[in-house]
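# Results of the structural survey
Here's the letter readout for the chains.
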Amino acid sequence: MRLLVTGGAGFIGANFVHLTVRDHPDVQVTVLDKLTYAGHKESLAPVGGHIEFVHGDVADFPLVDRLVAQADFVVHFAAESHNDNSLRGPEPFINTNIVGTFTLLEAVRSHGVRLHHISTDEVFGDLELDDPQRFDEVTAYNPSSPYSASKASADLLVRAWVRSFGVHATISNCSNNYGPYQHVEKFIPRQITNILTGVRPKLYGEGLNVRDWIHVDDHNRAVWTILEKGTAGETYLIGADGEESNRNVLALILDLMGCGADDFDHVADRPGHDLRYAINSSKLRSELGWKPEFRDFRDGLAATIDWYRLNEAWWRPFKDATERAYDRGSQR
Ligand code: NAD
Ligand code: DAU
């Protein structure tokens, strides 16, 4: 099988490529990535000799059309992915997340190639802390930020291309990922690398917001389960029952890194900050037989901290610029 992976130099995409080369050695992988601030060719160094890398934009139709024509399957990770950036400057989110997905849909439609579209639980908006309901495949879309609105738009385009043009596509909406190679702008790696560089961790507001954490390898194994067993036209929600408040996650990081419980700063909250995400992944588990392998969040977090300790050469070059961007906003 020839697999085209968009956004394969980013956090989840690079881990997906590693897993694919390791567990599916018969698959030929081509990565298409624009290498924005969030894409790092170094993240693909461990598998460099086993894949083809193409530097380019998912919204460039002639390029995408040529690559899709040579593929049997496309897995679409490429996106602008950070909520805080979408509040500072939404335009690239429209171009990459919406126009890029449209471009890919036109190419897979023209060549009859299967597509798996990677999306997020943020398309559903947020839940109250005490709401017994969790998101599932029939939850209505209600996105809050420019990022989540652009991902919701992309999902709706995929659904329309399935229904109107018979495109063979699946969609997955996953909760918050953690693990190696995540950009230091994101919550968990930002706090780990702050501590490693002598900067105090930053908690937005009171830290009561809840995220539903999943290890990136469990997400990517779920994607492979969908590629192998999923039904075209279907949506699958991916989650590992990992709800934690930001305050609890930070407390765990501080404890695992030998810091005091109060060694952090409260900073200005994110405008429009979603309160809680929670995924019901019963469909994926009962219909396709997937289950997460990382069962202990503390252990997964400890392994992630070790990875950042051992791989300073990977994150150090973009740490200062990331903190400067936060300084220009309000999340100091
Ligand atoms: P990331 O920001 O780490 O990586 C995004 C990658 O896409 C980068 O390599 C970047 O260079 C590339 N890219 C950006 N614009 C591009 C363009 N126009 N053309 C080609 N490549 C481009 O993101 P991530 O956290 O790995 O997220 C990957 C996907 O998973 C996204 O679609 C995101 O919405 C989704 N997702 C993320 C999470 C999470 O917790 N991080 C959870 C659920 C879903
Ligand atoms: O739910 C899936 C989504 O998870 C993905 O679609 C997004 O691509 C991904 O970035 C992530 O979005 P969040 O906005 O939830 O992730 P982030 O790491 O930015 O923030 C996690 C929580 O931590 C959120 O409630 C905001 C808070 N936070 C974040 C940062 C960067 C802090 O308290 N301090 C911080 O410094």
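The following paragraphs examine the structure supplied in this document.

What counts as what
- Numbering of residues starts from 1 in each chain and follows the order in which that chain's sequence is written.
- Chains and ligands are labelled sequentially in the order written, the chains with letters from A and the ligands with numbers from 1.
- Given that the model is predicted, a residue must reach a pLDDT of at least 70 before its local features are reported, and side-chain atom pairs must reach 80 or more before they are shown or counted; all residues, however, enter totals for whole chains, interfaces and linings.
- Only hydrogens and water are set aside when side-chain values are computed; all heavy atoms of the structure are taken into account.
- Strands are runs of DSSP state E lasting at least 2 residues, helices are runs of H or I lasting at least 4, and numbering of each runs from the N terminus.
- The quantity called the radius of gyration is restricted to C-alpha atoms. Its globule counterpart is 2.2 Å times the number of residues to the power 0.38.
- Residue contacts follow a heavy-atom distance rule, with two residues in contact if any of their heavy atoms lie within 4.5 Å.
- Accessible surface area values rest on a Shrake-Rupley calculation with a 1.4 Å probe, where residue burial reflects the displayed protein chains alone.
- Asp and Glu are treated as the negative residues and Lys and Arg as the positive ones, with His and the ends of the chain left uncounted.
- Every charge is mapped onto a representative atom, which is NZ of Lys, CZ of Arg, CG of Asp or CD of Glu.
- In the sections that follow, a salt bridge refers to a side-chain nitrogen of Lys or Arg positioned within 4 Å of a carboxyl oxygen of Asp or Glu.
- Three labels apply to residues, based on accessible area from a 1.4 Å probe with only protein chains included: buried if under 20% of the type maximum, exposed if over 50%, partly exposed otherwise in between.
- Using only the protein atoms, space was sampled on a 1 Å grid; points where a 1.4 Å probe fits but cannot get out form cavities, open sets with protein on both sides within 12 Å along at least five of seven lines form pockets, and lining residues are those with an atom within 4 Å of a point.
- Grid points are joined across faces, edges and corners, and a volume is the space filled by probe spheres set on the points.
- As a working rule, the residues Ala, Val, Leu, Ile, Met, Phe, Trp, Tyr, Cys and Pro are called nonpolar, Asp, Glu, Lys and Arg charged, and the rest polar, with Gly in that last group.
- By convention in this text, a residue qualifies as near a molecule or strand provided that one of its non-hydrogen atoms is within 4 Å of it.
- Counted as a polar contact is a pair of N or O atoms within 3.5 Å, where, for protein atoms, one must be capable of donating a hydrogen and the other of accepting one, and residues adjacent in sequence contribute only when both atoms are in side chains.
- Two strands pair if DSSP finds at least two bridges between them.

It is worth spelling out the overall build of the protein at this point. On a plain count of helices and strands, the protein comes out with eleven helices and 13 strands. Here the C-alpha radius of gyration of the protein, 19 Å, is about what a compact globule of 332 residues would show, namely 20 Å. Dimensions of the protein, computed from the C-alpha atoms along their principal axes, are close to 55 × 45 × 35 Å. Taking as baseline every contact in the protein between residues at least 6 positions apart, the subset at least 24 positions apart corresponds to 81%. When the accessible surface of the protein is totalled, it reaches about 13,700 Å², and 49% of it is carbon and sulfur. Charge separation in the protein, taken as the distance between the mean sites of 33 positive and 47 negative side-chain charges, equals 2 Å.

Quick look at the pattern of salt bridges now. This structure, assessed with the given rule, holds 20 salt bridges. Between Arg134 and Asp241 there is a salt bridge, and its shortest N-O distance comes to 2.9 Å. Highlighted residues: Arg134 in the loop between β5 (114-120) and α5 (146-165) and Asp241 in the loop between β11 (235-238) and β12 (243-245), separated in sequence by 107 residues. You can call Arg134 partly exposed: its relative accessible area is 31%. Classification of Asp241 by relative accessible area gives partly exposed; the value is 46%. A salt bridge links Glu323 to Lys319, with the shortest nitrogen-to-oxygen separation between them at 3.3 Å. Of the two residues, Glu323 and Lys319 both sit in helix α11 (residues 312-328), four residues apart, roughly one turn of that helix.

Let us look at the layout of surface pockets. Roughly 170 Å³ of internal volume is contained in the largest pocket. Counted by class, the lining of the largest pocket contains six nonpolar, two polar and six charged residues.

Close to ligand 1 lie 28 residues, the nearest being Ile12, Asp33, Ser81, Tyr147 and Lys151. Within the backbone of Gly10, a nitrogen or oxygen atom sits 2.9 Å from an oxygen atom of ligand 1. Measuring from a nitrogen atom of ligand 1, one finds a side-chain N or O atom of Thr96 at 3.0 Å. For ligand 1, whose free accessible area comes to 840 Å², the fraction covered by protein is 96%. Breaking the shell around ligand 1 down by element, the ones donating at least two residues are α1 (11-23), β5 and α5. For the shell around ligand 1, the element with the highest residue contribution is β5, accounting for three residues. When grouped by side-chain class, the residues that make up the shell around ligand 1 number twelve nonpolar, twelve polar and four charged.

The topology assignment puts Asp218 in helix α7 (residues 216-229). On the basis of relative accessibility, which here comes to 0%, the residue Asp218 falls in the buried class. In this structure the side chain of Asp218 is engaged in a polar contact, spanning 2.7 Å, whose partner is the backbone nitrogen of Glu293. Residues contacting Asp218, with those up to four places away along its chain left out, are Trp290, Pro292, Glu293 and Phe294.

The next thing to look at is the site of ligand 2. Around ligand 2 sit 24 residues, and of these Thr120, Asp121, Tyr147, Arg270 and His273 come closest. Contact between ligand 2 and Phe187: an oxygen atom at 2.8 Å from a main-chain N or O atom of the residue. His273 is positioned with one of its side-chain polar atoms (N or O) 2.6 Å from an oxygen atom of ligand 2. Out of a free accessible area of 690 Å², ligand 2 has 95% covered by protein chains. Secondary-structure elements contributing two or more residues to the shell around ligand 2 are α6 (187-196) and β8 (202-204). Along the lines of polarity and charge, the residues of the shell around ligand 2 split into six nonpolar, ten polar and eight charged.

By the criterion of burial, β5 is predominantly enclosed, with seven of the seven residues buried. Of the two faces of β5, the one holding Arg114, His116, Ile118 and Thr120 and the one holding Leu115, His117 and Ser119 are both buried throughout. As defined by bridge partners, β5 adjoins strand β6 (residues 169-174) across six bridges and the pair is classed as parallel. By the bridge assignment for β6, His117 is matched with Ile171.

Here the focus is the environment of Arg2. Relative to the helices and strands, Arg2 resides in strand β1 (residues 2-6). Between the C-alpha atoms of Arg2 and Val74, which are 72 residues apart in sequence, the distance is 8.7 Å. With sequence-adjacent residues up to four places away left out, Arg2 is seen in contact with Gln28, Gln70, Ala71, Asp72 and Phe73. For Arg2, the side chain forms a polar contact with the main-chain oxygen of Gln70, separated by 3.1 Å.

Just geometry here; none of it tells us what the structure is for.
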